[in-house]
Amino acid sequence: MQTPPDFQPPPPGCPAHDSGQSVPLYGPEFAAAPETYYSYMRQFGPSAPVELAPGVEAELVTDYTEALRVLQNPKTFARDSRRWNALNEGRIPADSPVVGMMAYRPNLLFSDGAEHMRLRQAATDSLAKVDSHRLGRHVDQVASYLIDQFGAKGRADLVADYAQQVPLLVFNDLFGCTEDIGNRLVFGISGIFDGIDVEKSQEVLIGALAELVELKRTHPGDDITSWMMQHPSALSTEEMIHQVFPMIAAGTEPVQNMISSALRLLLSDDKYADSQGMAGLLVEDALNDVLWNYPPMANYGVHYPVHDVDLAGITLKAGDPVVISYAAANTDPALVGNGRTMSKRAHLGWGAGPHVCPAKDPATLISLRAIEKLLNTLPDIDLAVPVESLTWRPGPFHRALTSLPARFTPARQAPGPAAQAAAAPAGAQAQAQAKPKAASRWSSFLNWLKA
């Protein structure tokens, strides 16, 4: 590819600066200013060479039109990562932080054609059985529990204390997890998304999923896992294990990022400062703003050309990963110039084509109810730090705040489980403190519901 004479150098601080190498997407520099990187990469054309992790090369599509072309043409751009040349040739270490998100599993995310249709139908039909009223009530329960944990303090980190916890607790319930299985799912999914001890995280996660599938085989319930197991698609045990993983993962990491990013806007952007409060349509507008400008999965949808393909002048090699930058495509200058807001649904925040996110409706409902519950319960909540000081978690795939410190008038403790524990006799408190601590918030939440 020819480099034009007016080609701008990489952003200052970029490890690719003046090197001519692929642009790394995993460092703190990229996390701090991805828009600057996307602007630089657009000079390459509709896609640019990137490094997802040390030694993991890919092509990143930044053009909206070409992103749709890839997403909507599964016969040319496959999702089956067993085509991945570098992995097959042993050039990707097993402990690479991106292997957990890219390596093949027999599920709807990494399948194509008739097999994908069979697996996806089992997922969509099962998700369709989720009653929105029941889901809304459960989100309210989870939100009340979490706010109960920090409401009296007057301060909270809305990422660690709220946004991260809401989807994990909600989806553990939707999939019928027991206390122990839910604790391990939380550990495994968090480790895979963060790229921390990926092999151990996968081992724990697969073990927990295997137990969940076996439990539902012998004791089915009113939950998504049981519904998929009973689906006419007749998923095998292995397929069930690997099918549940992306469904829970897609409902946790992206949702927590959507909640925290929307809260950042609602608490800092003047256009959301409304004298009547921040609920209702303002929350919907903030979520739409996030999906357009800060997609919770900024770069993903990994495809593999089945043969060499010309993408508007750029040759994509068969079997080399092609990643869709939902964030860059949504902010494509050509799209903005043509009136991007022609449709709230025109964004690629949920993907597009046959692999569009099947959990987008419950994910949106969870985000909306969680934000409304927080703002209605703590109406004077505000950022505790300047918005400019907020930082983002490094990583090639997600767009996720590291923390979101907030302050508010301490809430008066209602006579609920937490207040009852505080008012218990000294001997009872000492006995409770002597017990082992719960393994995670999932255990604590279940105990809170029983109290």
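Residues numbered from 1 in each chain as written. Predicted model: local features only at pLDDT ≥ 70, side-chain atom pairs only at ≥ 80, totals over all residues. Heavy atoms only, no water.

Focus on the pairing of strand β3 (residues 56-61)
- Within β3, 5 of the 6 residues are buried, which leaves it mostly tucked inside the rest of the structure.
- As defined by bridge partners, strand β2 (residues 47-53) adjoins β3 across 6 bridges and the pair is classed as antiparallel. The residue bridging P49 from the neighbouring strand is E59, located in β3.
- Hairpin connection, β2 to β3: the antiparallel pair is bridged by 2 residues, and G55 has positive phi, about 85°.
- Across 3 bridges, β3 lies against strand β9 (residues 322-325) in parallel orientation. (Buried < 20%, exposed > 50% of the residue type's maximum accessible area, 1.4 Å probe, protein only. Helix = DSSP H or I, 4+ residues; strand = E, 2+ residues; numbered from the N terminus. Pairing = 2+ DSSP bridges.)

Points about the sheet that holds strand β1 (residues 23-24)
- Sheet architecture is open: 6 strands sit in the order β1-β2-β3-β9-β6-β4, paired in mixed fashion. Sheet topology places β1 and β4 (77-78) at the edges, where each strand pairs with a single neighbour.
- As judged from the 2 bridges shared by β1 and β2, these two strands associate in the parallel manner. When the sheet's bridge partners are listed, P24 is paired in β2 with E51.

Notes on the nonpolar core
- M41 and L52 are the most contacted members of the largest nonpolar core, which has 138 residues in total.
- Apart from the residues lying within four places of it in its own chain, the contact partners of M41 are V23, L25, A48, V50 and L60. (Core = buried A, V, L, I, M, F, W, Y, C linked by side-chain atoms within 4.5 Å. Contact = heavy atoms within 4.5 Å.)

Focus: the confidence of the model for the chain
- Counting all residues, the mean pLDDT for the chain is 86, and 84% of those residues have values of 70 or more.
- A low-confidence stretch, residues 1-5 (pLDDT under 50), is modelled with 1 contact involving residues beyond four sequence positions or located in other chains.
- A low-confidence stretch, residues 415-439 stays under pLDDT 50, and its non-local contacts, those more than four residues away or across chains, total 13 contacts. (pLDDT = per-residue confidence, 0-100.)

So, the pattern of salt bridges
- For the structure on display, the rule yields 15 salt bridges.
- The salt bridge involving R393 is made with E253; its shortest N-O contact spans 3.1 Å. One end of the pair, R393, is in the loop between β10 (382-383) and β11 (405-407); the other, E253, is in helix α14 (residues 253-268), and 140 residues separate them in sequence.
- The buried category is assigned to R393, whose relative accessible area is 13%.
- In this structure, K271 and D289 form a salt bridge, with 3.1 Å as the shortest nitrogen-oxygen distance. Highlighted residues: K271 in the loop between α14 and α15 (281-293) and D289 in helix α15, separated in sequence by 18 residues.
- What makes D289 buried here is its relative accessible area of 10%.
- Each member of the salt-bridge network shares a partner with another, and the members are E115, R118 and E239. (Salt bridge = Lys/Arg side-chain N within 4 Å of Asp/Glu carboxyl O.)

Re the side chain of S233
- When you line up the elements, S233 lands in the loop between α12 (224-229) and α13 (237-250).
- Given the relative accessible area of 14%, S233 is considered buried.
- A polar side-chain atom of S233 sits 2.8 Å from a polar atom in the side chain of H231.
- If we skip the residues at most four places from it in the chain, S233 touches R118 and A122. (Polar contact = N/O pair within 3.5 Å; in protein donor to acceptor, adjacent residues only side chain to side chain.)

Examining the environment of A143
- Examined against the element boundaries, A143 turns out to sit in helix α7 (residues 132-150).
- Put simply, A143 and L374 are 231 residues apart on the chain and 7.2 Å apart in space, counted from C-alpha to C-alpha.
- Apart from the residues lying within four places of it in its own chain, the contact partners of A143 are Y162 and K373.

Brief notes about the sheet that holds β10
- On the basis of which strands lie adjacent, the open sheet formed by 3 strands has the order β5-β11-β10 and antiparallel pairing. With one partner strand each, in any of the chains shown, β5 (155-157) and β10 form the two edges of the open sheet.
- Where β10 lies against β11, 2 bridges are found, and the strand directions are antiparallel. Bridge pairing in β11 places D382 opposite R407.

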